[in-house]
Structures are given as C-alpha cells and as structure tokens.
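Secondary and tertiary structure notes
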Amino acid sequence: MTDNDSAVAVASSTASVPATVVSAETAAYVLGLGDDALIYAQRLGEWISRAPQIEEDMALGNIGLDLLGQARALLTRAGQLDGTGRDEDRLAYFRDEREFRCVHLVQQPRGDFAHEMARLLWFSSYQTELYAALAGSADEIVAGVARKATKEVSYHRDHARQWMLRLGDGTTQSHERMQDALNWVSGYTSELFFDDRVSVAAADSGIGVLPSRLLSGATQFVQSVVAEATLVMPDPPLQNARGGRDGVHSQAMGYLLAEMQHIARSHPDATSW
Amino acid sequence: LASGSEPASSSLLPAAADIVIRVEAHIRAVPDPEIPVISIDDLGIVRDVVVNSADSSVWVTITPTYSGCPAMRAIERAIVDAAARDGFAAYVDTRLSPAWTTDWISESGRNALREFGIAPPDASAHMTGSGAHAAGGAVSLTLQRRSVACPVCGSTDTEELSRFGATACKALRRCLTCREPFEEFKPL
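None of these values were measured; they are calculated from a predicted model. (Residues numbered from 1 in each chain as written. Chains lettered and ligands numbered in written order. Predicted model: local features only at pLDDT ≥ 70, side-chain atom pairs only at ≥ 80, totals over all residues. Heavy atoms only, no water.)

Below, the discussion takes up the nonpolar core. In terms of nonpolar packing, the biggest core is built from 116 residues, with A:Ile39, B:Val58 and B:Ile79 touching the most fellow members. In this view, B:Ile79 contacts B:Ile27, B:Val30, B:Ile40, B:Val60, B:Ile62, B:Ala90 and B:Val92; residues no more than four positions away in its chain are not counted. B:Ala119, B:Val148, B:Cys150 and B:Cys175 belong to the second-largest nonpolar core, a separate cluster that totals 5 residues. (Core = buried A, V, L, I, M, F, W, Y, C linked by side-chain atoms within 4.5 Å. Buried < 20%, exposed > 50% of the residue type's maximum accessible area, 1.4 Å probe, protein only. Contact = heavy atoms within 4.5 Å.)

With 92% of its residues at a pLDDT of 70 or more, chain A has an overall mean of 92. Confidence over residues 1-16 of chain A falls short of pLDDT 50; this stretch has 38 contacts with residues more than four positions distant or in other chains. (pLDDT = per-residue confidence, 0-100.)

With that out of the way, let us pick up the sheet that holds strand β2 (residues 57-62) of chain B. All names here are of chain B. Overall, mixed pairing links the 3 strands, which are arranged β1-β2-β3 in an open sheet. The sheet terminates laterally at β1 (46-52) and β3 (89-94), the two strands that pair on one side only. Strand-to-strand, the axes of this sheet are offset by a mean angle of 15°, without reference to chain direction. Alignment of β2 against β3, held across 6 bridges, turns out to be parallel. The residue bridging valine 58 from the neighbouring strand is alanine 90, located in β3. Of the strands in this sheet, β2 and β3 touch helix α3 (residues 71-85), which is tilted by about 155° from β3. (Pairing = 2+ DSSP bridges. Helix = DSSP H or I, 4+ residues; strand = E, 2+ residues; numbered from the N terminus. Axes fitted to C-alpha atoms, helices over the stretch in contact; angles between N-to-C directions.)

All names here are of chain B. A sheet is described by the order of its strands in space; here 4 strands give the open sequence β4-β7-β6-β5, paired in mixed fashion. The sheet is open, and its two borders are formed by β4 (118-119) and β5 (158-162), each paired with just one other strand. With 2 bridges joining them, β4 and strand β7 (residues 181-185) adopt parallel strand pairing. Directly across from isoleucine 118, in β7, lies its bridge partner glutamate 183.

In structure tokens:
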C-alpha cells in the first residue's frame, strides 16, 4: 500500500505514542477496526468489472478505496500503539489468518448485487455510528480518522439505501432477491455489536467505544430503509457468526488472504511496487 | 538564533526572505494531479508551509480530501519535486484533523473547476445532507434531485447519473437542458 520509493523524502504521519500507557487490548481494538475496513475493501474491489453497470464498478471501487484509506491510517496507528512498530504493509500482508481481527460479515464471499447492498447497508450504518462516537476518542489519531471517515461512510450508507429502495420497491423478482439478501446478512450483523474483552478495555481507556452502544442507532437506520423499501426485517437468525475478533474465521478468509497477500509475500524484500 | 553569533548581515535578509516567499509560492502552486487546472492551494489541502532557508528545507502539512485518495502520494512527490527545483528538500506530513471539506476550495479554484467543466460544490449542495449530517441520522429517504448548475450552459435542470465518479471526489451528472454530461465535485 505504501510507496517505499526511497528517492522520495516523505515523512509519513508519525504522531507519537501517547504518554499514557496504551494496553495491548486497546491496540488490538484499533487493529480490529482497521481489519474490518481492509478486508471489506478487498471484497468490494472484487466488484470492479463485475457490477451490473459501469457506474457501479466505479461506485463500489470508490467505496472500497475509502475503506482502504481508513484501514491504512488505522493499521498504521495499531502498529504504533502495540509497540511492535509494524507498519501498515507489515500488518496487511504479513499476518496470518488467526492474527486478523475482522468480523465474519466483511470476509464473506461476494454474493449477488442485492447481497452486497444488504451487507453495505448494515456495515455503513454500523460505521456511521462507530465513527461518530470515535470522533471523541482519547487518541488523537483515531479521532482524526473517525472525523474524516464519518463523511465518507455517510455516502456509502446513502448509496446502499438508494439501491435498497430501488430493488426492494421494484419488481417482484428484485423484491424477493433483496429480501433474501437481507435475511442472509442478518446472521452476520450481531458480531459488529458484541462487547468482547478487547472492546470493553478500549472503551474503558477512552480510546474506543462499546460496540453495543452502536446497535440501536444502526438498527434504527436499517429499519427505516427496510420499511421504506417495502421489505421486512428478518426474524432473529438461529445462528450468529462469531469469533472473528478472536481470529476464528470462516473458510472464505484464507482464500481472501491468499489472493490479497501472495504478491507481497512472494517478494518480501521489494522496496517499490 | 543566538543573537550574539548571528553572521548574516542585514543586506542578506531581503534575499533570504525572497527565497522563502518563492519556495512557498511554488509549493502552493503545485497542480492537483487529477484536476490539473486547480492548485493544491486552491483545493484547500495545504495546511502549513514552513520554509527554513538556513538549511534549505521546507515542511509542508497537507490534509487529504478522502482517506484513500490515491492522488495524495502523487501530490507528495510533486511537492518534493517543486521544492527540489529551488534547491530545497521538502518534508511532507499529513494531518487528518480537522477533516478537509469542500468549503475550503477557494473562489478562484471554484471558477477554475467550472471553466474546466466540473461543477464546483456550492453552498446549496450541502442541502442534500449526505456529507455534513452523517452522524445525525435524519436523512430523508426520497431519491434526491439537487440543484446543481451545469458548467456548460448554466442550467440548474440537471440530474445525477452516478453518485461516484472517476475519482473519489466527483459524481456524474447530466444537464437536461443542453444534454451534456458533466462531473460534479461532491460536497463533503
């Protein structure tokens, strides 16, 4: 991701680690936020040349690009906070599956377009609440990323909303497929709002926010879109995805990482891309 | 500077000051790589330029338009190159907060965009709420039609074709009066 061309004298954003001791949990929390953004960016990038129309190739590519930008800043910060000094590339390309802290939602293989819009609606609604809360983070870098990203994710959320309305309140077939997609995604959303040990510690430190605090705002927004799109909120799923924050992922994750990481790992000493 | 050991005679000061002004002007004039009619200064992303003529260095702080904007790296390189032409070494830092907003695009920048065929973001554009009121949540669910003037004929009878354009900062629109498609700098 970074351009390591040594001919360019560029001092990257190097805010120092705060004077107060940052716990391993807080660093892991920031890493998890970065991983969500990074892995979803990878999935969204897969749509380029596969979307139903060229404007959607560009839209989903742009949304992925915004997320990649957020991931770069968050991973860089996580590498500073955890004391290892790993940079964004090190964290993105040279960690193994169990070390990634992303939720299952973002790693699921690309479904049809309705599935992507259902996933994007939930994820962007979650991120809208997340970044609004993190704008007041005790960590100046995390707060800065959040304030910047808030505006971006509102565009993502609006984009998903527009397609939900069109497809949900469209033809019989588009309505059914949009409803199917909404049902599918419901098994993956609870993990976003689960208070694990790491997020509790991060919230206590003032750097993070309790995920459960984001649930009602995100759900309210999704519900309003679902109702307007003449769809119905699915019944609570029998099973919910879990474990992503502890590095326990679905089968799809390994394949995703293989594709995302293989060039960097094949040329670990490359200094220029 | 230690007052007792300052070697520079007063006659050197104007020259040094000239250099400082020139280097800063050259850096601020660096064009945006995606939209070369607008300088990074007019785009409003230059937060700070600190020229140090003593060691021929210049520290530049810029604020990215979008988190993932791929032009940022090109802009950093262009700044380094511009400083190098004056014999200065440039160090570029990015500052995320406060977040960049299209309100920071200068009036001359807006005119340059319009002449180039890109509708600049104007105050009325904020009425959509997409950018500014993200956290608040209260956004209407209707498919919006905003008033954006066509940069070719000036008509405000235009429609959105795609919220996402060829770069992260632009949307695609079409004029319903002169039928020209055009890009709009998205309000953020």
